[in-house]
Amino acid sequence: AEFTAKIDRKEFLDKGVKGFIDKLAGTLTAEREVTLGGYTGREIEMTGSSQGAALYGKARFFLAGTRLFQLAYIAEQGKEDAAAVDHFLNSFKLK
């Protein structure tokens with residue numbers, strides 16, 4: 001998504017995290033600040049559910065200029081592959 005209005009970066013990232021968690025009826029289990037290509041972002045881990053299945057999710061959010069980037073991994077709880085998740089998330093680059 002691209003935005004042109006001036007926005008508060010922290011507030012915008014907070015809303016992105018909340019929307020992601022709410023969509024999956026989730027609970028935030030971990031959160032930390034991350035940096036990529038000079039841009040500060042947010043990484044979260046959460047648990048949630050969809051159609052009766054317990055889910056695990058890990059996501060990163062970056063606001064780079066006027067663009068929001070969101071990377072997300074969601075798997076059935078207990079079937080996530082931590083190394084594959086980190087490899088996927090670390091494959092994204094911002095210039």
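Presented here is a report on the structure given in the accompanying data block. Keep in mind that this is a model prediction, so the values were computed, not measured.

Conventions adopted
Residues numbered from 1 in each chain as written. Predicted model: local features only at pLDDT ≥ 70, side-chain atom pairs only at ≥ 80, totals over all residues. Heavy atoms only, no water. Buried < 20%, exposed > 50% of the residue type's maximum accessible area, 1.4 Å probe, protein only. Helix = DSSP H or I, 4+ residues; strand = E, 2+ residues; numbered from the N terminus. Pairing = 2+ DSSP bridges.

1. Some words on the pairing of strand β3 (residues 53-64)
Within a regular strand, side chains alternate between the sheet's two faces.
Moving on, step 1. The buried fraction of β3 is high, at ten of twelve residues.
Moving on, step 2. As paired strands, strand β2 (residues 39-50) and β3 are joined by ten bridges and run antiparallel to one another. Residue pairing for β3: Ile 44 is matched across the bridge by Ala 59.
Moving on, step 3. Counting the residues in the hairpin turn of β2 and β3 gives two residues, including Gln 51, whose phi is positive at 50 degrees.
Moving on, step 4. As paired elements, β3 and strand β4 (residues 67-76) share ten bridges and run antiparallel to each other. In the sheet register, Lys 58 faces β4, and the bridge partner there is Tyr 73.
Moving on, step 5. Two successive antiparallel strands, β3 and β4, enclose a turn made up of two residues, where Gly 65 displays a positive phi of approximately 65 degrees.

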